[in-house]
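What the coordinates show
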Amino acid sequence: MRSRRTRDGVRLVVAALILLGFAARVWRIGYQSLWLDEALSVAFASPPLAKVFSTLASQDLHPPLYYLALHFWMKLAGQGEFAVRYVSLLFGLPAVPATYVLGHALFCRDVADQSDRSDQPPNPTLFTVRGQDQTCSGEKGSAGQASRVPVSLRILLTAPCGRAAAIGVAGAFLVAFSPFLVYYSQEARMYSALATFSVLSSYALWKLLATLRGRWLVAYVVFTAALLYTQYFGGLVVGFQAIYLLGLLTTDRRRALRAIVGMVLVGVAYLPWVPSAYLQVQRLFHVPDFWKGQLSLSFLLEHVFAAFAFGQYPVLDRYMAVAIVVAAVLLAGLAVLARQALRRGGGELFVLGYLLMPLAALYAILVQNPKFTERYLIMIAPPFYLVLALGLLELARWAAGLRQAWARWTGLLTPAIIAVLLLVTSFGQLWQVYYGPGYRKEDNRGATAYIEQHYQPGDVVILMMDPYSFPYYLHSNIPWVTLQPGNDLDGAASSLNAILAGHTRAWMLLWNADWADPTGYVRQSMATAYPRAPVTRGFDGLELKLFDLDHPPRFSVRVTPSNPDPVDFGNRLQLLGYDLPRSTIASGQTGDINLYWKPMQQLDHDYIVSLRLTDGTFYYWRHDGRPAADTYPTTSWPAGQVVTGDLPFAVPVGTPPGTYALEIGVYGQGVGSDLDVLKDRKVPLGTSVKVASVTVTVPSPPPDPSKIDLPERRNVAVSADLELLGSTLSSLRTPPGGTVDATLWWRAQNTPLPPYRIQLQVQNGSYSRTVVDEAPDAGTYATSRWTTGQIVVDKHRFVIPPDAPPGPARISLRVLNANGSGTTGAPVGSPVDLGPVTVLDRPVQLTPPPNLGTPVNWTFGTFARLVGFSLSEAAPRPGDHLALTLYWKALASSGDVGFTVFTHLLDQHGLIAAQQDQPPGGGNNPTSGWITGEYIVDHYDLAIKPDAAPGSYQIEVGMYNPSTGVRLPARGAAGEDTGDRVILATVQVK
């Protein structure tokens, strides 16, 4: 009787969860605008039935079941936002009870229900509570143990399959209120159906294996066919099922074969769609990638966990502590599953495979062709919640078995608190789904209404790149076109000329326009050719621009820069030149430089351009990014085609007036070093090049200092006429000889200022050394020229003296009034402590190392002698890493400049096949800190490409000034000049 009451209570709870899940999914379901994919669903499902099939086969990337359901539903309910999204609610809501029945069936170790039973289910076994086996039919352990368990938990555990019911109910609860699943049950797409059909298919398969009943065979065929006709990623679940059945063949051939018959019938049912599926999948592989970099397993796991547990990835930062606790519970559930699956297989093995196999399979598919979003794995959300529920229950069962009452009740509170935390965060994210900006869809409704309200005869609307949402909301005959030129620049120019001809204004509605216009040609051309008219509103997720077409369109593709100056970056990228629309810029303002690139070969790396504003010594601004649009990586550039990239640059507030250079370096993501600038395709000239000059002027009026973002604000009045607004030190830990950049932000209170000088000291106890004594801005912009209110950035570079003792040192600033007396003068104000720098303890070796490898005798400059080297092997293979060790003897310190060592592996044509550039010791033994007579052991790793051609390769070594790229001269043992490099050895790549 108690068991019957428990079952009835569980059923009431599940029914309540269904109603609550419905409420969660229907609330504000039609409030937001449709976004591109939803409007696409309406557009593809609206035509006559025959055209729906042909449209999907030729234009879409998904099977037809969802579109067919939407097609017939719209005939009954219309095409409003509420109506079209309600289909997803109807598809998504059954996942709530389906998760319950699946969890109950998988974790119940009892035989199948008598009404359904034809035989035993797979692997019927006992389950264990604290080492005491007890059956699901309610056998108790010792009376003493039972009395220690709280009554409610004891009733649950002793009811028939009570543990399974608890897991199922908890899993259904998490599904009902999952922000992730609620969101996709409110989106007019097929993903909620994908989750539901995956659960129903898996449940039907389990019941088929347990009962061998024909009705479950029919149910499995129907639900699995529906799964495959809903979304192709459903095939990952079917793949898991197939693997599970193959394993079952070895232990229960009869049951496995019965289920395999069902799988064959599913294949037969899917045959009519196979030709269309082939066309869609082929088209899918030709869709341009929009992923930045490679898809790592950690990225996938973090994003899937965050989406399932909280709704979306950015929430992790806000709820990191809760996330750690939930992740621990999930891992505990997985550990319990793995242990029980290894011990007895059955439902534990099934749910473990259901969760992990589709995830692993998707990662294997996408790792080389990354196009990932969390919804692609929505079909494994239900087993995720079941495992999470299992972890919570196991924690409660463990606590219930503790002997001490205080420990038992404290332990039982733990899963309760975790559940409450998860509940609070879930409801908080549900609120965000309904009202928060993080889940907000693009405001296509508002943007379309704005265009209609402000439309004038002669207008044309250009859509980039959503061609479905605007016509869905359009209620008038405004002319519109879609423009998605890709990297076809000539086609883009011709299209613009044709679209704009005869019109007086052009609206551009942009949604992820980098996908439609990856080179940026269309947007840049329009912005350059025509003036902007005001748009007085903003729209979530969209950008709306309006152009006055004050002259006929005459667009063409420029492949020749205004300032041609070819630069070869590593025989991979050639910079042809640049356009610089504005070369005089006030500090605090921005500019643009348009670079012309040509790939010299098909590029296998995603190359990044580092654009810097420099005075030749310091960088005042730097930005690293793709050379063209962010969604147009160099791996997509056709060899030999000219690609232009418009890169903005900034002149920071306080940059002293004068002439600066825009400097460029290029490196590949994950490569670790810049490409060499080459002369005649093989002679390195450094790793950067100055391409253009910019004249910086003083802004008028001066900027408000309170609105400047300073790393460390100080606001110290050094004198009545000079204020130190802020300061930074570039390095907080450095070895002796290491360089530190001190940046000071000054504000002139009253002018004219006297000729101030800056003095910086390194202090550690009794140790004190002056490391800087010079005018601000190295004397190029004297304080006497500053104007009232002007903010000036003042940069100084100094070297930690080689004799500085290890430990924390303070950097002290003093301002001196030179009064025309040179380097000495009276101090102004009190010293200012700029902060600490930890001087590292660098061991100095004054005796030769026991093994110098191959002895040599080459001198570089006046301070470095290479006395030996060793190689890991003389005959490496393609793909190997060649370890090179250099042994230096210091003849002196290099002074204020720390030099960089370059090591190159040159192929038969003298081209660089591998390289590593670094300061000696990876920066731990800078040449500016060398002690006369010491020996430095210096390690390098030359990675040989897997496709390197066999043959003889040479290793060359040299040193250069990293600020200028100028190499040191090299001399042999007899003092003979060997140029600016030496050839160490020859290796044979096999």
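This text follows the structure it describes.
Residues numbered from 1 in each chain as written. Predicted model: local features only at pLDDT ≥ 70, side-chain atom pairs only at ≥ 80, totals over all residues. Heavy atoms only, no water.

**Structural notes on the sheet that holds strand β30 (residues 881-890)**
Strand order in this open sheet of five strands is β33-β30-β29-β28-β35, and the pairing throughout is antiparallel. In the strand order of this sheet, the two ends are held by β33 (935-943) and β35 (970-971), each with one partner. Sheet topology note: the β30/β33 ladder contains nine bridges and is antiparallel. When the sheet's bridge partners are listed, L884 is paired in β33 with Y940. (Pairing = 2+ DSSP bridges. Helix = DSSP H or I, 4+ residues; strand = E, 2+ residues; numbered from the N terminus.)

**A short note on the side chain of T655**
Mapped onto the fold, T655 is located in the loop between β14 (643-650) and β15 (658-668). At a separation of 2.7 Å, a polar atom in the side chain of T655 contacts the main-chain carbonyl oxygen of P652. Setting aside anything within four residues of it in sequence, one finds T655 in contact with S587, Y620, Y660, V696 and V793. (Polar contact = N/O pair within 3.5 Å; in protein donor to acceptor, adjacent residues only side chain to side chain. Contact = heavy atoms within 4.5 Å.)

**Examining helix α26 (residues 521-529)**
Taken as a whole, α26 has its buried residues at Y521, V522, R523, S525 and M526. Summarising the contacts, the buried residues of α26 are in contact with β3 (459-464), α24 (489-500), β5 (505-510), α25 (513-516) and β7 (543-548). (Buried < 20%, exposed > 50% of the residue type's maximum accessible area, 1.4 Å probe, protein only.)

**Observations regarding the pairing of strand β25 (residues 791-799)**
β25 sits mainly inside the fold: eight of its nine residues count as buried. Pairing of strand β22 (residues 739-748) with β25, which is carried by nine bridges, proceeds in the antiparallel orientation. Within β25, the residue paired with W746 across the bridge is V792.

**Focus: the sheet that holds strand β9 (residues 573-579)**
The sheet built from six strands is open, its strands ordered β14-β11-β9-β8-β16-β17 with antiparallel pairing. Strands at the two margins of the open sheet, each flanked by one partner only, are β14 and β17 (683-684). With two bridges joining them, strand β8 (residues 563-569) and strand β16 (residues 677-679) adopt antiparallel strand pairing. Along β16, the bridge assignment pairs F569 with V677.

**Describing the nonpolar core**
Grouped together as the largest cluster of nonpolar side chains are 135 residues, with contacts concentrated most on Y67, F305, F308, F310, L377 and F384. In terms of residue count, helix α11 (residues 191-211) provides more of this core than any other element does, 13 residues in total. In this structure, F308 is in contact with S178, F180, L377, I378, I380, A381, F384 and Y385, ignoring residues within four places of it in sequence. If you look at the next biggest cluster of nonpolar residues, it comprises 44 residues, including F649, V651, V691 and V696. (Core = buried A, V, L, I, M, F, W, Y, C linked by side-chain atoms within 4.5 Å.)

**Here we look at the packing of helix α18 (residues 320-344) against helix α20 (residues 381-400)**
The contact between α18 and α20 brings their axes to 7 Å, and the two run at 90°. Of the possible angle classes, the one that applies to α18 and α20 is roughly perpendicular. The segment α18 lies against α20, with V326, V329, L330, G333, L334, V336 and L337 engaging F384, V387, L388, L390, G391, L392 and E394. A per-class count over the contact of α18 with α20 returns 11 nonpolar, two polar and one charged. (Axes fitted to C-alpha atoms, helices over the stretch in contact; angles between N-to-C directions. Parallel < 35°, antiparallel > 145°, perpendicular 65-115°, else oblique. Nonpolar A, V, L, I, M, F, W, Y, C, P; charged D, E, K, R; others polar.)

**Here's the deal with unusual backbone geometry**
Omega for the bond connecting M464 with M465 falls within 30 degrees of zero, at 0°, which places this linkage in the cis form. For the peptide bond that leads from S700 to P701, omega is 0°, which places it in the cis range. When you line up the elements, P701 lands in the loop between β18 (689-697) and β19 (713-719). Even without being glycine, N512 reaches a positive phi, approximately 45°. Note that N512 resides in the loop between β5 and α25. Despite not being glycine, N571 has its phi angle at roughly 60°, a positive value. Considering the arrangement of structural elements, one finds N571 in the loop between β8 and β9. Residue class for N571 comes out buried when judged on its relative accessible area of 8%.

**Describing the environment of N571**
On a C-alpha basis, the gap between N571 and L675 in space is 8.8 Å, while along the polypeptide they are 104 residues apart. Engagement of the side chain of N571 in a polar contact is seen with the backbone oxygen of R681, the distance being 2.8 Å.

**Thoughts on helix α16 (residues 297-310)**
The end-to-end C-alpha separation of α16 is 20 Å, in line with the 20 Å expected for 14 residues at 1.5 Å each. Of the positions making up α16, those classed as buried are L300, H303, V304, F305, A306, A307, F308, A309 and F310. Note on α16: the residue one or two positions beyond its end, G311, has a positive phi of about 120°. (Expected span 1.5 Å × (residues − 1).)

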